[in-house]
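For reference, the chains in residue letters:
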Amino acid sequence: MVKKKKHKYIFVVGGVMSGVGKGITSSSIGTILKARGFNVTALKIDPYINVDAGTMNPTEHGEVFVLSDGDETDQDMGNYERFLDIDLTHTNYMTTGRVYLEVIKKERNLEYKGKNVEVVPDIPIEVNKRIEKASDIANSDITIIEIGGTIGEYQNIIFLEAARMLKTKYPKDVAFVMVSYLPMPSKIGEMKTKPTQYAARTLNGAGIQADIIVARSELLIDNKRKDKIALFCNIDHENVISAPDVDSIYDVPVNFEKDNLGIKLCKVLNISTKNQVTNLSDWKKFIAKSKNLNEEVNIAVVGKYFDSGDFVLSDVYISVLEAIKYSAYSLGKKPKIHCINSKDFEKGNLKINTLKKYDGILVPGGFGEAGIEGLVETIRFARENKIPYFGLCYGMQLMIIEYARNVLNWKDANTTEINPKSSHLVIDIMLDQKKKLEENNYGNSMRLGSYEANLKKDTIAHKAYGGKEKIIERHRHRYEVNPKYIEEIEKAGLIFSGTSPDGKLMEIAELPKSIHPFFLGVQFHPEFLARPLSPHPLFTEFLKATIK
Ligand code: GLN
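In short, a report on the structure.

Each value, and the rule that gives it
- Residues numbered from 1 in each chain as written.
- Predicted model: local features only at pLDDT ≥ 70, side-chain atom pairs only at ≥ 80, totals over all residues.
- Heavy atoms only, no water.
- Near = heavy atom within 4 Å.
- Polar contact = N/O pair within 3.5 Å; in protein donor to acceptor, adjacent residues only side chain to side chain.
- Areas by Shrake-Rupley, 256 points an atom, 1.4 Å probe, with all protein chains shown as cover.
- 1 Å grid on protein atoms, 1.4 Å probe; cavity = no way out; pocket = protein on both sides within 12 Å on 5 of 7 lines; lining within 4 Å.
- Sits in = over half its atoms within 2 Å of the grid points.
- Helix = DSSP H or I, 4+ residues; strand = E, 2+ residues; numbered from the N terminus.
- Nonpolar A, V, L, I, M, F, W, Y, C, P; charged D, E, K, R; others polar.
- Points joined across faces, edges and corners; volume = space filled by probe spheres on them.
- Phe/Tyr/Trp six-rings, centres within 6.5 Å; stacked < 30°, edge-to-face > 60°.
- Buried < 20%, exposed > 50% of the residue type's maximum accessible area, 1.4 Å probe, protein only.

So, the site of the ligand
Close contacts around the ligand come from G365, G366, F367, C393, Y394, Q397, E417, R476, H477, R478, Y479 and H525, and that covers them all. Taking G366, its main chain carries an N or O atom lying 2.9 Å from an oxygen atom of the ligand. In this structure, a nitrogen atom belonging to the ligand sits 2.7 Å away from a side-chain N or O atom of E417. Protein chains shield 99% of the accessible area of the ligand, which is 300 Å² for the free molecule. Here the ligand occupies the second largest pocket. Of all the elements in the fold, those that place two or more residues in the shell around the ligand are α15 (394-406) and β19 (470-477). Partitioning the shell around the ligand into residue classes produces four nonpolar, five polar and three charged.

Next comes the structure, spelled out in structure tokens:
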């Protein structure tokens, strides 16, 4: 039997408040360790009961990031994949619900052999089993585990207990990084360390001592405050890492490396750094490319999930926004992304012809009725005014609906999702989905994850993918182009340039270049495959069209 590799583990936890960048910290730590030659994998733990992120409203939770195996996960998983340029699977993601479900299933199967099954230690044991399994599957040297939530809240205590237990099991192989926040109240005029001190102490209360504290703040943290944190949080002065606000999240690994965080982590993990070299040159090239760009390209992302109370929320489409950036950088253009709420067109707050000023228009994925008419109008405007248009998932389905209504004159054309009574249901439920809905079985019930598609020769899509005949893309949808109408739609000029291998599901729709510079929609989510160092070809093709 092959001897299993011994893994090292880095837990990343958050102190003081949420939203200060645990995900980017975890990803950036991964990036610098990968640059040192380690095989790195990453896990995200979400403390909620939901078994996956698929059933949560995006305005509440942010983007649902779909993995190649179809797992519907947290947007941080997207950060890991992008920063580390790796593909993750469901083993890299867990929630409280997922862990309990497994333990209860085992209990029902008598796998605990009649023993009392307790929250502690059985839940943490299951958590650690999953962490070790993911590490084995990835054959990782170092596994980074981000524990969601903030220290001191009730929800993630069981995961801190798991982390403590793993440290007890492997005392020399586990490190704890606490990402904390140092507020700078404007009236006080100085950076305050007290909340961080309390967070470190609360973490101590869970039996865990932080090894490294990443001090997030507006500015660089000075020596005096580093001293204070070192003294009151029991850590070395040099293990307080300054993490000031940055213009671009992609600067973070480089800043960490400047602070020798890689070496410091190796020290904590008892890894020798002798003869170790670090190679961040591709990463730095990418950053250099993204800076000092003069020519702007203005892209309108028109979506239905931008409103969150009085705030604009762009987290929902994070992968889409990043994918646009990567392609723009690769073309030497400065991306200016304008997030527009489609409901504003419906309410009359915004006139549709304001879209004229953009170089390109993108409609991302979504669900349900709200904001849809504004999106259909957006697509009509893009088509009629020959503004490059890129539709993702719902953005493709609505493109078909728009075409059916305004070109084929099927005035009430719609999707079953919105109006099942329409006389032209150009988008209809997939057969195998119908049954699931009838049983009220919503969780994990869509066409999810990677599927192959065939491309039609001499189309925009075919050219964009470099002449490939087969592609693999990630999906997350329940509805599809109704086969009943395909012939008529194609007769009216739209081309289905990508289909499922059996020819039954329409994967890409486009107008020929002679009619429109770029009017293309995809049933899948190309944004999930875009990476900083390898932009997605369809986004690049769209961007190219916007530049001309
Ligand atoms: N609501 C559509 C469907 O379920 C589109 C989904 C999406 O955009 N991800 O098919």
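Picking up where we left off.
With respect to the layout of surface pockets
Of the pockets and cavities examined, the second largest pocket occupies roughly 510 Å³. Taken together, 29 residues make up the lining of the second largest pocket; nearest its centre are P58, Y305, G366, F367 and R476. Those elements giving two or more residues to the lining of the second largest pocket turn out to be α15 and β19. Grouping the constituent residues of the lining of the second largest pocket by class yields 15 nonpolar, nine polar and five charged.

A few points about the packing of aromatic side chains
Following the criterion strictly, the structure yields 17 aromatic pairs and no others. Plain terms: the ring middles of Y9 and Y170 are 6.0 Å apart, the flat faces sit at 20 degrees to each other, and that makes the pair stacked. Taken as a pair, Y9 in strand β1 (residues 8-14) and Y170 in the loop between α6 (157-169) and β7 (174-181) lie far apart in primary sequence, 161 residues in all. A relative accessible area of 1% places Y9 in the buried class. Residue Y170 is classed as partly exposed on the basis of its relative accessible area, which comes to 22%. Their ring planes at 45 degrees and their centres at 5.5 Å tell us that F390 and F542 sit as a pair that is tilted. With F390 in strand β15 (residues 389-392) and F542 in helix α19 (residues 537-547), this residue pair connects regions lying 152 residues apart in the sequence. Overall, the relative accessible area of 0% leaves F542 in the buried class.

These figures come from the coordinates and say nothing about function on their own.
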